[in-house]
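Chain by chain, the residues run as shown.
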Amino acid sequence: MTDDSIRQAQSRALGRRGWLVLLTLCGATFMTGTDYSVVTVALPEIGRSLGFAGTGSLQWVATACLLPTASLLPLFGRVSDIVGRRRLFTLGVVLFGGFSLAAALASGPAPLIAARAGQGASAAMITPTAVALLTAAFPEGPRRTRALGVNGAVLSLGFVLGTLGGGIITSGLNWRWTMLFLAAISGLVLLGTTTLPRGTGTRAAASLDVPGAVLASIGLFALVYGISTGADAGWASPPTLGSFSLAVLCLGAFLLAERRHPAPLIPLGLLNRPTVKWGGLVGFVTLGMCGGTTVLLSLYMQDVLGYSPLATGAGFLAEGIAALVAGLLAARLIAALGRGRAMSLGLAVQGLGTGAMALLPAEGGLPLLLATSGAMGFGHVLTVVSFITAMTSGLRDDEQGTAGGLSQLPQFLGGIGTAGLAAIVTARTGALSSTTDPVHATLGGLHAATLAAGVICLAATAVPLLLRPAPLGPGAAARRARTHRASS
C-alpha cells in the first residue's frame, strides 16, 4: 500500500471507541425504525386481542406513535442543542423503554394508544439527537460519512427485519412480545449510552423559542394528521381540509415569527442553505417514493401473488440486504463522486429499480421482484446517506441538533408520496375494473404507480446539481484542520 492509501484507510477507520458509539446510536436507530413495521404487522392480532371497534380505530395504534414523532422533531432537535444531546438522548431511551413496557401490559385500546403516543414522543427525542451525536462524535469527512452509511443501512434493515420479525413473533407468541422486544432493545441502548462522550457537542447559549415551538408542532401535527387520515376520511372531507388549512396557517405563521425572534427554533439562514434546502427536497423524494413503493409491494405480494404476511416479510429481504450493502459502500462512493453526484446516482438506481416494477407479473416473477426491490433499496440508502451528509456538513456544533431534526423530517412528510401513489393505484384500478378481473385490475394500478414513482426519482436526479459546497462554520473548519493535520 502507498502512503496515501494508508492515510485514507486510517481516515475511514472508526476505531474501537468509535464502533462502540456507533453501535449505540445505530441501536437506537434500529429500535425506532423497527417500531413502526413490527407493530404494523401485528395490528390484526392487536385488534382481536384488545377488542378494537374497527380498522379505523385500530389504525391509531400506528398513527398515535407517528404524529408526536413528526410534530416534535424540530422542538427536540433545538432542545438538544440547549440542554445537551447526551442527556436528552438518554432520557428519550429511558422513556421509550418505559412506554414499550406499558404498551406490552395494556389492558385495552385507550392505554395502548396512550403508550404508543408516549413512544412517539420519546422517539422524537432520540431521532434528532442520535444524528447530532453521530455528527459530533465523528469529524466531518470519510469517518462521518461511513458512520452515516452504517446508520442508514441499519434504519432500512430495521424496517425489513421488523416486518419479518413481527410476523414471526405474532405467529409464534403474541403481539405483546413485540413491545417487550422493543423494551429489551432500549435496555441495551441504555447500557451503550455509557460509551457516548460526555462532552460531545456544545450547548447553545439561548432560550427556547416557545412561540416557534408551538406553531411548528401544531402545524406539523396537522399536516401529518391530514396525510395519515386523508385516504380513509376522504381528501375533500372537512376534517382533512381543516387539517391541511391549519397546517398552512401555523407553518406560515411560524416562518413569520422566526424572522423576528432573536433565537429562533429553526434559523431561517439554516433553512436557506443550499445543502439543507435541496438536500431536504432530495430526502423528501427518496423517502416518499421508497416508502410508498414498499407499501405497494406489500399489496402486490399479498393481494396479487397471495403471499402470507410472513412470506411478504421475507420478500423484502433483498431490499434489506441491498440497503445494508449500500450503507457499507456509501462512504467510498461519496468520496469518489462527491455528495451531489452520489445523490443523483442513488436516485437513478432507485428510479430504475422502481420503474422496472411495472413489469412484475400476476404469477411468479420472484427473481424480478427481488432484483427490482434490491435496486430500489440500494439506491435509496445511498441517497439517504448522501443527503444527510450534505445537510449536516459545514455547521457549527450548536446547529447540529436542529439540522439532525430537519434531516429526519422528510421520512414523516414522505407520507405524502405514499398517499399520492395510493391515489394512482385507486384511479387506475377503478378504470380497469370494468374490463378485467380484480387481480389484474389491481396489478394494473400497481404498475401505473410504480412507473410514476420511478419517473419522479429519475426527474429528481437533477436536484443535487443545485447543491453548492456549504461554507464551513468555525467549529467545522477547526475540526477539518485538525483532521488534516492528524492524517498528514
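Residues numbered from 1 in each chain as written. Predicted model: local features only at pLDDT ≥ 70, side-chain atom pairs only at ≥ 80, totals over all residues. Heavy atoms only, no water.

*Asks:* Would you mind showing me how to read empty space enclosed by the protein here?
*Replies:* Using a probe with the size of a water molecule, rolled over the atoms, empty space left in the structure can be pinpointed. Inspection of every chain in the model, using the stated rule, returns two cavities of 30 Å³ or more. In this structure, the largest cavity encloses a volume near 60 Å³. For the largest cavity, the full set of lining residues is Leu155, Leu287, Val384, Phe387, Ile388, Ser407, Gln408 and Gln411. Of all elements in the fold, only α16 (366–391) and α17 (400–408) reach the threshold of two or more residues within the lining of the largest cavity. For the lining of the largest cavity, the element with the highest residue contribution is α16, accounting for three residues. When its residues are assigned to classes, the lining of the largest cavity shows five nonpolar, three polar and no charged. Its volume calculated, the second largest cavity comes out at about 40 Å³. (1 Å grid on protein atoms, 1.4 Å probe; cavity = no way out; pocket = protein on both sides within 12 Å on 5 of 7 lines; lining within 4 Å. Points joined across faces, edges and corners; volume = space filled by probe spheres on them. Helix = DSSP H or I, 4+ residues; strand = E, 2+ residues; numbered from the N terminus. Nonpolar A, V, L, I, M, F, W, Y, C, P; charged D, E, K, R; others polar.)

*Asks:* Would you mind going over the nonpolar core with me for this structure?
*Replies:* Nonpolar side chains in soluble globular proteins tend to be buried together. Among the nonpolar cores identified, the biggest contains 99 residues, and Ile46, Phe89, Leu112 and Tyr300 are the most heavily contacted of them. Once you skip the residues sitting within four places of it in the chain, leucine 112 turns out to touch Ile46, Leu50, Phe52, Val61, Ala103, Ala106 and Trp175. Residues Leu67, Leu223, Leu409 and Phe412 belong to the second largest nonpolar core, which totals twelve residues. (Core = buried A, V, L, I, M, F, W, Y, C linked by side-chain atoms within 4.5 Å. Buried < 20%, exposed > 50% of the residue type's maximum accessible area, 1.4 Å probe, protein only. Contact = heavy atoms within 4.5 Å.)

*Asks:* Explanation requested: the packing of helix α14 (residues 317–337) against α16 in the structure shown.
*Replies:* Packed helices, taken two at a time, are described by their axes: the angle between them and the distance between them. Running from amino to carboxyl end, α14 crosses α16 at an angle of 40°, the nearest separation of the two axes being 7 Å. When the axes of α14 and α16 are compared, the pair comes out oblique. Between α14 and α16 lies a crossing of right-handed hand. The segment α14 lies against α16, with Ala318, Glu319, Ala322, Ala323, Val325, Ala326, Gly327, Leu329, Ala330, Leu333 and Ile334 engaging Leu370, Ser373, Gly374, Met376, Gly377, Phe378, Val381, Leu382, Val385, Ser386 and Thr389. Considered class by class, the residues forming the contact of α14 with α16 number 15 nonpolar, six polar and one charged. (Axes fitted to C-alpha atoms, helices over the stretch in contact; angles between N-to-C directions. Parallel < 35°, antiparallel > 145°, perpendicular 65-115°, else oblique. Left-handed = near helix turned anticlockwise from the far one by under 90°.)

*Asks:* Even after reading the chapter, I still don't get the confidence of the model for the chain, so can you show me in this structure?
*Replies:* Of all residues in the chain, 86% attain a pLDDT of 70 or more, and the chain-wide mean is 80. Helix α1 (residues 3–12) is the least confidently modelled element of the chain, averaging 41 in pLDDT, while helix α15 (residues 339–355) averages 94, the highest of any element. The low-confidence segment residues 1–12 (pLDDT under 50) makes nine contacts with residues lying over four places distant or belonging to another chain. Low confidence marks residues 470–488, where pLDDT is under 50. Its contacts with residues over four positions away, or in another chain, come to 23 contacts. (pLDDT = per-residue confidence, 0-100.)

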